[in-house]
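# Notes for the structure review
Each chain, written out:
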Amino acid sequence: MARVLQYLLLFLMSLALRIRVVGYWSLIYGYCALCTIVALLKLCWNIILRPTATFQWGVRETPPACLNDTSLGTHCYVRIKESGLRFHYVAAGERGKPLMLFLHGFPEFWFSWRYQLREFKSEFRVVAVDMRGYGESDLPLSSDSYSFDSLVTDVKDIVEYLGYNRCCLVGHDWGGTIAWLFAIQYPEMVTKLIVLNSPHPSVFTDYALRHPSQLLKSSHFFFYQLPRFPELMFSINDFKALKALFTSRSTGIGRKGRLLTAEDLEAYLYALSQPGALTGALNYYRNVFSSLPLSQNHVRSPVLLLWGERDAFFEQEMAEACRLYIRNHFRLNIISGASHWLQQDQPDIVNTLIWTFLKEGEGRKSYRN
């Protein structure tokens, strides 16, 4: 009888797991279908209002002057032997100084760290990378090339190519996700971890499944699963949706901080209007659901988490929950009135808080700015 009960228990556990898996993927595809319907309605409305302008957009042929500003650093390239990919990065500061490596988010590129490159080059070898699929780095078109393992390995390869075995790692948005994962997998290579507006991946997964409001804010995760259609929606009306992402009152930069200048915006349009650029950026999302949940979660490096209070994409409650996965000093700063694009929106505050974290001892108190 005991063996029968044991088999029955195993069967019920297996059945419950299968039901959860089916429910998980049903939620993903069902929400994806809903987001597609909404996007189609928007497209039809655009066609009705602007029948000639809707399908007009153009590749920016000439980079704006700000991308060649020598005060930001030197443009460099590295081809990684193992992956065969070529990466572009901008570097400043003396060789041999401690490495501070910056990983950008979606849909950005190295330029999003312009304020930090200038600020920290006095004490660090600062390097802002165009991650795979972005900017002047190679653009694999297959979504399979954007697995978590591949993205984390890119960071390891770049650090080692630069001649270092450890770094201070700084990441925002998707770059923050990869920074979390790198610190989990290679703790000995991260002296300090600094993350901007990006929750620990396990926190995000657990929180989003339990809070419909966050699931709604993350609707783009589902829409971006579609092939080609998201690229079209970003491109119509000469990249109107892309411009709105950075400049609108609801999601944009500079609602309380610095405004994104016309030249800054043109830099983003130059990078993301190139052939294949939007597909490369969107492919980060097209592998995310098959990569979660994580098998390892704990971060053993000291962590600074900076969070814009008015982030349009992530709810603030996730920031404090990240503490559960950190086995070292954790400092949280929530910046009042700041947007998702924190390092561009409030660069002076961000830079000051980073300096404080870099120079402080092992104080234990996290505080609100």
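Residues numbered from 1 in each chain as written. Predicted model: local features only at pLDDT ≥ 70, side-chain atom pairs only at ≥ 80, totals over all residues. Heavy atoms only, no water.

### Quick word on helix α5 (residues 201-210)
With seven of its ten residues buried, α5 lies for the most part within the structure. Among all positions in α5, only Pro201, Ser202, Val203, Phe204, Thr205, Tyr207 and Ala208 are buried. In the core, the buried residues of α5 are packed alongside α4 (174-185), α6 (212-217), α7 (219-223) and α12 (317-321). (Buried < 20%, exposed > 50% of the residue type's maximum accessible area, 1.4 Å probe, protein only. Helix = DSSP H or I, 4+ residues; strand = E, 2+ residues; numbered from the N terminus. Contact = heavy atoms within 4.5 Å.)

### A short note on the pattern of salt bridges
Considering all chains together, one arrives at eleven salt bridges under this definition. With its nearest N and O atoms 2.8 Å apart, the salt bridge here joins Arg60 to Asp238. Highlighted residues: Arg60 in the loop between α1 (2-49) and β1 (74-79) and Asp238 in helix α8 (residues 229-247), separated in sequence by 178 residues. Judged by its relative accessible area of 14%, Arg60 falls in the buried class. The class of Asp238 is partly exposed, set by a relative accessible area of 24%. A salt bridge links Glu320 to Arg323, with the shortest nitrogen-to-oxygen separation between them at 2.6 Å. (Salt bridge = Lys/Arg side-chain N within 4 Å of Asp/Glu carboxyl O.)

### Observations regarding the pairing of strand β6 (residues 190-196)
Where burial is concerned, most of β6 is hidden: six out of the seven residues are buried. The sheet contact formed by strand β5 (residues 167-172) and β6 spans six bridges and is parallel. In the sheet register, Cys167 faces β6, and the bridge partner there is Val190. The parallel pair β5 and β6, bridged by α4, forms a crossover whose chirality is right-handed. (Pairing = 2+ DSSP bridges. Right-handed = clockwise from strand over helix to strand, strands pointing away.)

### Quick word on the sheet that holds strand β3 (residues 99-103)
Strand order in the open sheet formed by eight strands is β1-β2-β4-β3-β5-β6-β7-β8, and the pairing between neighbours is mixed. Pairing within the sheet leaves two strands with one partner each, and these edge strands are β1 and β8 (330-335). Strand after strand, the sheet turns through a mean of 20 degrees between neighbouring axes, direction not considered. Of the strands in this sheet, β1, β2 (86-92), β3, β4 (125-129) and β5 touch helix α3 (residues 148-161), which is tilted by about 150 degrees from β3. Lying on the sheet, α4 is in contact with β3, β5, β6 and β7 (303-308); it crosses β5 at an angle near 145 degrees. (Axes fitted to C-alpha atoms, helices over the stretch in contact; angles between N-to-C directions.)

### Observations concerning the nonpolar core
By size, the foremost hydrophobic cluster in this structure holds 122 residues, and its most contacted members are Leu101, Leu169 and Leu193. Apart from residues no more than four positions distant in its own chain, Leu169 is found in contact with Leu101, Leu103, Val155, Ala179, Phe182, Val190, Lys192, Leu193 and Ile194. (Core = buried A, V, L, I, M, F, W, Y, C linked by side-chain atoms within 4.5 Å.)

### Details of unusual backbone geometry
Note: most peptide bonds trans; most residues except glycine with negative phi. That bond from Phe106 to Pro107 is cis: its omega, -15 degrees, falls within 30 degrees of zero. Looking at the secondary structure, you find Pro107 in the loop between β3 and α2 (114-120). Positive phi is not limited to glycine here, since Asp173 has a value of about 55 degrees. For Asp173, the location among the structural elements is in the loop between β5 and α4. Positive phi values are uncommon outside glycine, yet Phe239 reaches one of about 65 degrees. Mapped onto the elements of the fold, Phe239 is located in helix α8. Judged by relative accessible area, Phe239 falls into the buried class, the value being 3%.

### Things to note about the packing of aromatic side chains
Applying the stated criterion across every chain yields a total of 29 aromatic pairs. Between Phe109 and Trp110, the aromatic rings sit 6.2 Å apart at their centres with planes inclined by 80 degrees, giving edge-to-face as the arrangement. Of the two residues examined, Phe109 and Trp110, each falls in the buried class. Sitting over the face of the ring of Phe357, Lys192 holds its NZ or CZ atom 4.6 Å from the ring centroid. For Lys359, the ring lying beneath its charged end belongs to Trp355, and the centroid distance is 4.7 Å. (Phe/Tyr/Trp six-rings, centres within 6.5 Å; stacked < 30°, edge-to-face > 60°. Lys NZ or Arg CZ within 6 Å of the ring centre and 35° of its normal.)

### So, the packing of α8 against helix α9 (residues 262-272)
Close contact between α8 and α9 brings their axes to 11 Å; oriented N to C, the two are set at 140 degrees. The orientation of α8 with respect to α9, classified from their angle, is oblique. Note that α8 runs across α9; the crossing there is right-handed. Residues Phe239, Leu242, Lys243, Phe246 and Thr247 of α8 form the contact with α9, whose participating residues are Leu265, Tyr268, Leu269 and Leu272. Its residues placed into classes, the contact of α8 with α9 shows seven nonpolar, one polar and one charged. (Parallel < 35°, antiparallel > 145°, perpendicular 65-115°, else oblique. Left-handed = near helix turned anticlockwise from the far one by under 90°. Nonpolar A, V, L, I, M, F, W, Y, C, P; charged D, E, K, R; others polar.)

These values are about where atoms sit, not about what they do.
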